[in-house]
Amino acid sequence: MRVLIFGANGQVGSALKTRLLLVGHQILALARSDRGGDIVDFPNVEAAIQAFQPDVIVNAAAFTNVDMAESHPSLAFDVNERAVANLARCAKAYSALLIHFGTDFVFDGSGHGTWQENDEPNPINVYGQSKLAGEQAILQSGCRHVILRVSWVHAARHKNFITSSLQWLKANPCVRIVNDQWGAPTSAVDIANAVKAIIDRTMNRSDLDGIYHFANSGCVTRFDCVRFIASLLPSNDGQRIVPVDSSTFDLPARRPLNCRLETQKFKETFGFEPRSWQEGVKETVLGSM
Ligand SMILES: NC(=O)c1ccc[n+]([C@@H]2O[C@H](COP(=O)([O-])OP(=O)(O)OC[C@H]3O[C@@H](n4cnc5c(N)ncnc54)[C@H](OP(=O)(O)O)[C@@H]3O)[C@@H](O)[C@H]2O)c1
């Protein structure tokens, strides 16, 4: 299969390159700095698609700085909506399957249950609004698509909650971590494996197009996640980790409190059981030391 990846240097993009090459797909992986790799540069993006003639386009590029999106909404919408609409248009024009990543942040974080794919989105920050607009652009385009909503993504040697927590633990005698945000830290490696399963199952099955939720199994608060990380570090014995409410930190963007994604639809459709969040986090922690 010919697979064109955008956002090749991000957490998910990097994992995808490795995983999809391993299983024998023909890959063109473009980073923002590559010709045709900046997804807001519509003519060069289309030229890259026309030249490579992909069977599958995977869009791992996104404006992911949640706080910066509040002060730069048009940049967030350029990347997360308008560029995604262009990719969807190209996918339809060149008969490619578009695999795109959505986010738990399309929900408002209310309640204590798991969010299902058909629950009503209600984003509470600009990032979530821009990502929802991207999803809607894909659905309206009529292209073949799988939108995989994922949560709390992490990978070794990238900046994310897990690697930042490691740095805080090493640098400070005491760290304050929010204890009211629930979700499943999800490994970029596992997301790449999920994409492999999607490609294997959906190429000739347009009936499987749609939105799916994917996350490592189980759920945890950010506070308990950091306690788990600390437990993996012998040098951090006695580390003081203090639970606090989200309201303690005056961040530009509000965060949804309940980010639990229901993954049953994904598991049933693709026959794929995600690892536990602990296994994924452990791998990222060990890979970052
Ligand atoms: N990170 C999370 O916790 C999380 C949670 C839920 C959903 N997601 C979604 O999962 C997907 C993958 O996220 P990730 O964690 O891999 O993000 P990431 O590590 O921040 O990677 C995003 C990549 O997109 C690139 N990019 C930004 N603007 C671009 C543009 N105009 N053209 C081309 N590339 C551009 C970035 O390049 P530069 O490095 O040059 O900026 C970066 O390499 C995204 O759709 C994201 O919204 C992420």
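Asker: Can you help me understand the sheet that holds strand β10 (residues 210-214) in this one?
Answerer: Two pairing modes exist for strands in a sheet, parallel and antiparallel, and in both the strands are linked by backbone hydrogen bonds. What the 6 strands build is an open sheet, ordered β2-β1-β3-β4-β5-β10; its pairing is parallel. Strands with a single pairing partner mark the edges of an open sheet, and in this sheet they are β2 (26-30) and β10. Strand-to-strand twist in this sheet, taken as the mean axis angle between neighbours without regard to direction, amounts to 20°. Judged from the 4 bridges that link them, strand β3 (residues 56-59) and strand β4 (residues 97-103) form a sheet pairing that is parallel. When the sheet's bridge partners are listed, Val56 is paired in β4 with Leu97. Packing of helix α5 (residues 126-141) onto the sheet brings it into contact with β4, β5 (144-150) and β10, and relative to β4 it is tilted by some 155°.

Asker: What am I meant to see in unusual backbone geometry here?
Answerer: Positive phi, close to 55°, is recorded for Ser95, a residue that is not glycine. When you line up the elements, Ser95 lands in the loop between α4 (73-93) and β4. Residue Ser95 is classed as exposed on the basis of its C-beta count, with 11 C-beta atoms lying within 10 Å.

Asker: Would you take a moment to explain the site of the ligand for this structure?
Answerer: Looking at the ligand, there are 27 residues lining it, with Gly10, Gln11, Ala61, Ala62 and Thr103 nearest. Those elements giving two or more residues to the shell around the ligand turn out to be α1 (11-22) and β4. With 3 residues, the top contributor of residues to the shell around the ligand is α1. Its residues placed into classes, the shell around the ligand shows 13 nonpolar, 10 polar and 4 charged.

Reading guide: rules and limits
- Residues numbered from 1 in each chain as written.
- Predicted model: local features only at pLDDT ≥ 70, side-chain atom pairs only at ≥ 80, totals over all residues.
- Pairing = 2+ DSSP bridges.
- Helix = DSSP H or I, 4+ residues; strand = E, 2+ residues; numbered from the N terminus.
- Axes fitted to C-alpha atoms, helices over the stretch in contact; angles between N-to-C directions.
- Contact = placed C-beta atoms within 7 Å.
- Buried ≥ 20, exposed ≤ 12 C-beta atoms within 10 Å, placed from the backbone.
- Near = placed C-beta within 6 Å.
- Nonpolar A, V, L, I, M, F, W, Y, C, P; charged D, E, K, R; others polar.

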